Structure formats: structure tokens, C-alpha cells
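Structure assessment
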Amino acid sequence: MEVKEYTYKAGDYSFSLLNLGCAITSICVPDRNGKIANITLPFVGAVGNPDVILKSTMYYGLTVGRFANRIGGASFKVGDRTVVFEKNDGPNLLHSGSRGIWSRIWNVKHTEDGFLCSIKVSEQEDGFPGDADIRVRFSLSDDGVFRIHYSASCSESCPMNLTNHTYFNLTGDSKNDVLSHVFEINSSKTLEVGKGLIPTGKILDTKGTAWDFSKPKALGKDIEKPELKSANGYDHCLIIDRMGGESFGFTRFAKVYEPQSGRILCAYTDLPAFHLYSGNFLNGECGHNFRHGFCLETEFYPDCVNQVSFPSCIVKPGELFESTTVYHFYTDAPGSDKSEVLG
């Protein structure tokens, strides 16, 4: 298994990724004074040693699927067929298990604004129904707009819930925790979870709870509240608010500000939800410690394959699944915010 790293530069911005799992190893952006730093937590040493990734459970920057997040009981039904997987998260399946697309070498091609990564995976290889053709395009502009566009098709009806598992730390120094990052989130509802963080099917209002980021709030302000105890912090699916209560449609769902550097991240998606994770299981692997990174994983609801009331992620033969996630980076320096680049 030959692991290679690829880098694309656009003005003051750049990003790098690996062909193994399409793992993002850097997104380099300036702070308010123009100092450029990597604001992600990467795998370290994977080019020479793939086991750095293959034997890890941290998923730094990886492209995850066919089904990101958790599936209760590590099984689901499609039509009359029951599909059963290994149990890699207690009794459940997390991020598609050890045979997921994150553990495979992808084909990487340069494009005019980044890279097009593609993979074909068979049912025999990863256990999901049918043979899938998956493409992920990563692009970056000199305005600091980083786009991830997913597309996929399958020969049989199959769940398709793709995400990217980048950990962000806008200080640009992974030795710092992320608790002082200020979050504003466009979500008034979250999924109630039970044992193993599997959704119960009940949807909770976030107003007045630890999940309420309707007004700017430091990530660490409520992180020790009782409702977060079972996850040891934020490890929850937040449903994105949209006009008319729609589940889909491209919209901004989060804004994150880091006061020390002045860096700002605005996040957009067309998917129903995202998973907010505060790095509660980071344990020093690759030099990244407890709560020193956060994730904004755009997604369908966890365990949606087993809960008919949740939006469906099933892709049928002949259909093309497409989704876009955008992270826009700028600073609080005068003239830095060029939000019009997103239309």
C-alpha cells in the first residue's frame, strides 16, 4: 500500500490530502496578522507507515462512508434483506467499520482548483449492498472557500451517508484546546440519544440546554453540563434549521470564531444535520490531546437506516447521490470577510 500526499495552493491558502482515505492533513490559512498555520489535526507519519491510519480510531481528516456515524446493533434492513456488520463501537457500527472507504487507497487527480478523488468499492470489500462508485472533489479558492462535493451511485439500493472527519483548531497550534472557540449554530433541535449514543427517535429542543448556540457562546461554557455527561462533552447530531422546516437545501449552519488568532470559520451544507464533536476521545495519538480539536461532520441522522421517521439516505440503482459541504475561512481583520463568494 503506497500512501502519497498531495498539496494544492491558492493565494495565501493551501490544503493537503492523502490518497489513503482521502485524509485531509492540512488546511493552511492566515490569521488576522497574516501568519499562516495549519488549522487541522492531521495524521502524522502515514506516508511511510499506513498503519498510523489503519490502526487508529481517531479518523483525523478521513473521508468516511458508505455510512458515517453510528448504526445501532451494527445491522439494518434494505427491502427484505438484513445486512450485518462487525461491531466496532460496543454493540454498534461506527463509521462503517474497519472495511470502510476511509481504509482504502483512492485514485487522486489534479483539477484546476484542487483534487478529484474516486473509488469503486464492491459489496465483497466493504459489506454494503451492491457495488458503489464514489467521487469526492476537494477545491479551494484564494478567498478561503474550501469545498467538498460528494457524488455516488450504487448497483443496488444502499445507504449513502458520506462525511469528512477533519478536526479543526483555529488557533493554528494543536497544543491549545478549543474550549475558547466561540460558536454560533443554526440549530434549535438535537437528537436524543440512549446507550452507545444511538438515537432514541425523539427530537429535543435545544433552547436553554448545553446544545443551545443560538447566540455566540464559547464551546467550553456548558461542556460539563449534565446532559453532556454520557458523551463526556459534545458528540451529538444537531438538526439544521431551514425556512419552512425543510430537511435539505444549502445553508450556513455554523460560525466559529477564535479570539486569539482572529480566525473565523463559516460552515455550509445541503444535508439535514451535522455532528458536533469536541474531541472527547483524543488521547495524545499523533500529538493531539483531549479537546484540542472539534469536528463539524455534515450528515444524515445517525442510525437513520433503522428509524423510518428520519430522513432517508437510501440511494437506488440509477440514482446519483450528490452533496456539498463548504468551509469558508477568513479573519476579523478589516476587509477579510468576503462572504459574497458563496453567492
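Before reading on, note that the structure itself is shown above.
What you are looking at is a predicted structure, and each value in this text was computed from that prediction instead of being measured. Residue numbers run consecutively from 1 along every chain, following the written order of its sequence. Selection of residues for local features in this predicted model requires a pLDDT of at least 70, selection of side-chain atom pairs for listing and counting requires 80 or more, and totals for whole chains, interfaces and linings are taken over all residues. As a rule here, side-chain values cover all heavy atoms of the structure and leave hydrogens and water aside.

**Some thoughts on the sheet that holds strand S20 (residues 235-239)**
To be explicit about the condition: What makes two strands pair is DSSP finding at least two bridges between them. Every helix listed is a DSSP run of H or I at least four residues long, and every strand listed is a run of E at least two residues long, numbered separately from the N terminus. Comment: axis = line fitted to C-alpha atoms, over the contacting stretch for helices; angle = value between 0 and 180 degrees taken between N-to-C directions.
Within the open sheet, the five strands sit side by side as S18-S17-S20-S23-S24. Their pairing is antiparallel. Strands with a single pairing partner mark the edges of an open sheet, and in this sheet they are strand S18 (199-205) and strand S24 (295-299). For this sheet, the mean angle separating the axes of adjacent strands, direction not counted, is 30°. Summarising the sheet, strand S17 (residues 189-193) and S20 pair through two bridges and their orientation is antiparallel. Within S20, the residue paired with Thr190 across the bridge is Leu238.

**Focus on empty space enclosed by the protein**
Put simply, the rule is: For each structure, a 1 Å grid was placed over the protein atoms alone; sets of points admitting a 1.4 Å probe that cannot get out are labelled cavities, open sets with protein on both sides within 12 Å along at least five of seven lines are labelled pockets, and lining residues have an atom within 4 Å of a point. Grid points are joined across faces, edges and corners, and a volume is the space filled by probe spheres set on the points. Each residue is assigned to one class: nonpolar for Ala, Val, Leu, Ile, Met, Phe, Trp, Tyr, Cys and Pro, charged for Asp, Glu, Lys and Arg, and polar for all the others, Gly among them.
All told, the structure shown has one cavity of 30 Å³ or more when counted by the stated rule. Of the pockets and cavities examined, the largest cavity occupies roughly 40 Å³. Taken together, Asn69, Arg70, Val193, Leu197, Asp235, His236, Cys237, His275 and Pro302 form the lining of the largest cavity. A total of three residues in the lining of the largest cavity trace back to one element, the largest contributor, which is S20. Among the residues forming the lining of the largest cavity, the class breakdown is four nonpolar, three polar and two charged.

**Observations regarding the sheet that holds strand S16 (residues 182-185)**
Taken together, the nine strands give an open sheet; going across it, the order is S10-S11-S12-S13-S26-S22-S21-S16-S19, and neighbouring strands pair in antiparallel fashion. The outermost strands of the open sheet, each flanked by one partner alone, are strand S10 (107-111) and strand S19 (217-218). The pairing of S16 with strand S21 (residues 251-258) spans four bridges and is classified as antiparallel. Its bridge partner lying in S21, Phe183 is registered against Val256.

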